[in-house]
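Fold and contact review
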Amino acid sequence: MAGHGTGDLNLVGLSKSFAEFTAVHPMDLTIPQGSFFALLGPSGCGKTTTLRMVAGLEQPTSGQILIGDTDITNTRPHQRNVNTVFQSYALFPHMSVEDNVQFGLRRRGDKDAKRKAQEALELVELGHAGKKRPNQLSGGMQQRVALARALVNRPDVLLLDEPLGALDLKLRRQMQIELKRIQQEVGLTFIHVTHDQEEAMTMADSIAVMNAGRMEQLGDPATLYEHPASTFVANFLGQSNLLTARITGSAGDGLMTADVHGHDVLVQADKVPDGLVDVWLGVRPEKLALGPGSGRNQLRGTVTDASFTGVATQYLVRMPWGMDVMVVQQNDGSARARLGEDVTLAWDPGHEFVLDSAQAEDAGVERVVV
Ligand code: ATP
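Residues numbered from 1 in each chain as written. Predicted model: local features only at pLDDT ≥ 70, side-chain atom pairs only at ≥ 80, totals over all residues.

In the annotation of an unreviewed UniProt entry, the entry for the protein reads Spermidine/putrescine import ATP-binding protein PotA, and the organism field reads Fodinibacter luteus. Under the heading Function (unreviewed entry), UniProt records this for the protein: "Part of the ABC transporter complex PotABCD involved in spermidine/putrescine import. Responsible for energy coupling to the transport system." (UniProt positions renumbered as here; feature names shortened; annotations may be inferred.)

**Quick word on the overall build of the protein**
Within the protein, the regular secondary structure consists of nine helices and 20 strands. Principal-axis analysis of the C-alpha atoms gives the protein an extent of 75 × 45 × 40 Å. Expressed as a percentage of its 370 residues, the buried residues of the protein come to 38%. A separation threshold of at least 6 residues defines the contact pool for the protein, and within that pool the share at least 24 residues apart is 66%. (Helix = DSSP H or I, 4+ residues; strand = E, 2+ residues; numbered from the N terminus. Buried ≥ 20, exposed ≤ 12 C-beta atoms within 10 Å, placed from the backbone. Contact = placed C-beta atoms within 7 Å.)

**Brief notes about unusual backbone geometry**
A positive phi angle, close to 50 degrees, is found at alanine 19, a residue other than glycine. Position of alanine 19 among the secondary structure elements: in the loop between strand S1 (9-18) and strand S2 (21-31). In this structure, glutamate 125 takes a positive phi of about 60 degrees despite not being glycine. The residue glutamate 125 is located in the loop between helix H3 (113-123) and helix H4 (139-151) in this model. On the basis of neighbour counts, which here come to 14 C-beta atoms within 10 Å, the residue glutamate 125 falls in the partly exposed class.

**Observations concerning the site of the ligand**
Contacts to the ligand come from Phe18, Phe21, Ala23, Gly41, Ser43, Gly44, Cys45, Gly46, Lys47, Thr48, Thr49 and His195. Among the secondary structure elements, those contributing two or more residues to the shell around the ligand are S2 and helix H1 (47-55). When residues in the shell around the ligand are grouped by element, the largest group, three residues, is from H1. (Near = placed C-beta within 6 Å.)

**Let's talk about the pairing of strand S3 (residues 36-40)**
Most of S3 sits inside the fold, with five of its five residues counted as buried. The side-chain alternation of S3 yields two buried faces, one formed by Phe36, Ala38 and Leu40 and the other by Phe37 and Leu39. Sheet topology places S3 next to strand S8 (residues 189-194); five bridges connect them, and they run parallel. Bridge pairing in S8 links alanine 38 to histidine 192. Where S3 lies against strand S9 (residues 206-211), four bridges are found, and the strand directions are parallel. The residue bridging phenylalanine 37 from the neighbouring strand is serine 206, located in S9. (Pairing = 2+ DSSP bridges.)

**Topic: the domain arrangement of the protein**
Per the domain assignment, the segments of the protein are domain 1 (9-226) and domain 2 (239-368). Averaged C-alpha coordinates put domain 1 and domain 2 at centres separated by 38 Å. (Domains from an automatic or database assignment.)

**Comments concerning the packing of helix H2 (residues 97-107) against H3**
For the pair H2 and H3, interaxial distance at closest approach is 9 Å and the crossing angle is 130 degrees. Our classification of the angle between H2 and H3 gives oblique. Where H2 crosses over H3, the handedness of that crossing is right-handed. Residues Val97, Glu98, Val101, Gln102, Leu105 and Arg106 of H2 form the contact with H3, whose participating residues are Ala113, Lys114, Lys116, Ala117, Ala120 and Leu121. In the contact of H2 with H3, the residues fall into seven nonpolar, one polar and four charged. (Axes fitted to C-alpha atoms, helices over the stretch in contact; angles between N-to-C directions. Parallel < 35°, antiparallel > 145°, perpendicular 65-115°, else oblique. Left-handed = near helix turned anticlockwise from the far one by under 90°. Nonpolar A, V, L, I, M, F, W, Y, C, P; charged D, E, K, R; others polar.)

**Quick look at the environment of alanine 55**
Position of alanine 55 among the secondary structure elements: in helix H1. Counting along the chain gives 104 residues from alanine 55 to leucine 159, while the straight-line C-alpha distance between them is 7.6 Å.

**A short note on the confidence of the model for the protein**
Confidence in the prediction for the protein averages 91 pLDDT; 96% of positions are at 70 or higher. Counted against residues more than four places away or in other chains, residues 362-370, with its pLDDT under 50, gives 17 contacts. Both scores are given for the predicted complex: the pTM is 0.89, the ipTM 0.96. (pLDDT = per-residue confidence, 0-100.)

**Some thoughts on the pairing of S1**
Two strands pair when backbone bridges link them, and S1 and S2 are joined in this way by seven bridges, in the antiparallel orientation. Pairing of leucine 11 across the sheet is with leucine 29, part of S2. As paired elements, S1 and strand S4 (residues 62-67) share five bridges and run antiparallel to each other. Following the sheet pairing, leucine 9 is matched in S4 by isoleucine 67.

In structure tokens form, the structure reads like this:
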């Protein structure tokens, strides 16, 4: 096959413009062979355009796409060993499930088409459903058939474009776990496009967060969550409290002091980029404890909202300078704070992340910082 090659997928200076509008700015990215990779970002950030360039459905404006050493930039979609699963299953309604799955193999004259189709159906746990028609299956099962069809010829890269978008939440969660199991079983490179941060974090080994046509940060889920490189990433992946702060000096023991609206707090020194003074001090809601004695850093505020969410309660605590800080506490049987109660917010140095406050302020920051 002309576009066949195994190895890492490399995007080199890859960009796409539509007339005057740049949907994807030149991007360099290596996706290791056999990894589960997510392209994550809000609507319109360029993730589908990136995926479509890899699939060969969109001609790049600049740059190259390589699988291993093979340059596939100018090969036609069907010549690339790259398959795509879309949100719409695009199954042939008049064909049985089995025929849908083996359709491509048959066309290529593969004598093992039937056996391979059955194996692919077993992989997605539909080994018993081969004789059925797509419309006899639920949405989730149809999506599995589409997956079996895309996997049956063992592509080098499988592209998943919001494949779970049409499923209800419970089924979606089940399919996330299923997809991860299938990827681990087949060991192929999966690239999953989604705007759902929880979905990306649940499934992917690595995530590229995209914003306005650029890759904002690349990393494994825990790194992106614990060490977001920008306010955009901090707000897009989970909830963040971003406190305006000023680094005031060294406190020894690998710590620095910071001033938060007239209150001294300690910050881990290696989290403060060299020379930065005016910063956003980010603390995730679940890193904050209500009550003194639960952390070396302490601020006082008043509970303005308490929402019971089952395993946890989510509080909003109004700071004296007007900002609402979000706190999430596990419901472990201990007493819950009441509306209007004055409380202490506590956390330990090291549980923060520090960002340059001079960076572009996106809407998310304005929402949480008063
Ligand atoms: P979504 O999740 O909504 O699909 P996305 O992150 O996948 O968003 P893209 O579909 O890649 O975003 O689109 C990125 C930008 O490029 C959008 O502003 C979109 O309007 C624009 N765009 C995409 N395709 C075309 C096209 N064929 N012609 C002109 N503009 C386009």
